[in-house]
Amino acid sequence: MDASLWVAKTGLDAQQTRMNVISNNLANVNTTGFKRDRAVFEDLLYQNIRQAGGQTGADTQAATGFQLGTGVRVLATEKIVAQGNMQTTENSLDIAIAGDGYFQIAQPDGTISYSRDGNFKLSNTGQIVTASGALLQPGITIPTTASSVTFGRDGTISIELAAGGSQVIGQIQLARFVNPSGLESKGQNLLKETPASGAPQVLQPGTTGAGSLMQGTLEASNVNVVEEMVNMIETQRAYEINSKAISAVDGMLKFINNNL
């Protein structure tokens, strides 16, 4: 019965972890470009008391084995990289990626992080930056002589000059990964390359599987509130039933202690 208590305890831990994942999803329901997480479970080692196929007699074998499980654990949290809904903002510096790919964002230590958040701003020098001030890569500077800026679906950046005429000033590039679920979340809507994600493939938007850009639009979080609420109720019920299993085993132990 002590083993039953331990098995139920692993169930409580796993469901608590899943609730943490669901809570984080719901907390980020309005985070631009956020991709929801899913808890991945696996069963623990088994006690193999009798091997299936073992000899039960001179000419007979056991058709089934006798194995006792030792519980469950959360193996990983997996990013679900499905496309979020597109929200029109009519802000010329808001850019959404329709399809696969990530913006490249320069970090203070010289490394590159990756993001689906296209809520860009202009710095005091005219450079395109994130809301927290990190530079978009490749670096783009909008001159003070520009009256408007246009981002093409292929990433081409052009401006209308106040004195008349237009000019192409740069090109946005997107990074793709073989396994985007392997990217490491860093906070601030940023992701980091890992050995699991593979090296980034830098591409022009709209080519070789990279998504195209949509100006004046932001990609919303792909969290479905109704689905997460259903998952929350399911997790709560699973937690409760594991708790009841502990109570039941405790009652059985009390019965033995009082009657034997």
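What this report covers is the structure whose coordinates are included nearby.

1. Observations regarding the overall build of the protein chain
Now for step 1: For the protein chain, the count of helices and strands is two helices and 20 strands.
Now for step 2: Over its C-alpha trace the protein chain gives a radius of gyration of 27 Å, far above what one expects of a compact globule, namely 18 Å for 260 residues.
Now for step 3: By its C-alpha atoms, the protein chain is 95 × 45 × 35 Å across when sized along the principal axes.
Now for step 4: The 260 residues of the protein chain split such that 34% are buried.
Now for step 5: Expressed as a percentage of contacts within the protein chain between residues at least 6 apart in sequence, the contacts between residues at least 24 apart total 61%.
Now for step 6: Accessible area for the protein chain stands at about 14,500 Å²; split by element, carbon and sulfur atoms hold 53% of it.
Now for step 7: Looking at the protein chain, you have 17 positive and 22 negative side-chain charges, and the mean spots of the two groups are 3 Å apart.

2. Comments concerning the pattern of salt bridges
Here the idea is simple: oppositely charged side chains can pair when their charged atoms come close.
Now for step 1: Scanning the entire structure with this criterion turns up 12 salt bridges.
Now for step 2: Two residues, K35 and E219, come together in a salt bridge whose shortest N-O distance is 2.5 Å. Within this pair, whereas K35 is found in the loop between α1 (2-27) and β1 (37-43), its partner E219 is found in strand β20 (residues 217-219), the two being separated by 184 residues in sequence. The pair K35 / E219 is uniform in exposure class, with both members buried.
Now for step 3: Members of the salt-bridge network, linked through shared partners, are K35, R116 and E219.

3. Side note on the packing of aromatic side chains
Now for step 1: Tallied over the full model, the rule gives three aromatic pairs.
Now for step 2: For the ring pair Y114 and F177, a centre distance of 4.9 Å and an interplane angle of 85° mean the geometry is edge-to-face. Of this pair, Y114 sits in strand β8 (residues 112-115) while F177 sits in the loop between β15 (174-176) and β16 (184-187), and the two are 63 residues apart along the sequence. The pair formed by Y114 and F177 is uniform in burial state, with each residue classed as buried.
Now for step 3: A network of ring pairs unites the aromatic residues Y102, Y114 and F177 as a single cluster.

Basis of the calculations
- Residues numbered from 1 in each chain as written.
- Predicted model: local features only at pLDDT ≥ 70, side-chain atom pairs only at ≥ 80, totals over all residues.
- Heavy atoms only, no water.
- Helix = DSSP H or I, 4+ residues; strand = E, 2+ residues; numbered from the N terminus.
- Rg over C-alpha atoms; globule rule 2.2 N^0.38 Å.
- Buried < 20%, exposed > 50% of the residue type's maximum accessible area, 1.4 Å probe, protein only.
- Contact = heavy atoms within 4.5 Å.
- Areas by Shrake-Rupley, 256 points an atom, 1.4 Å probe, with all protein chains shown as cover.
- Lys, Arg positive; Asp, Glu negative; His and termini not counted.
- Charge placed at Lys NZ, Arg CZ, Asp CG, Glu CD.
- Salt bridge = Lys/Arg side-chain N within 4 Å of Asp/Glu carboxyl O.
- Phe/Tyr/Trp six-rings, centres within 6.5 Å; stacked < 30°, edge-to-face > 60°.

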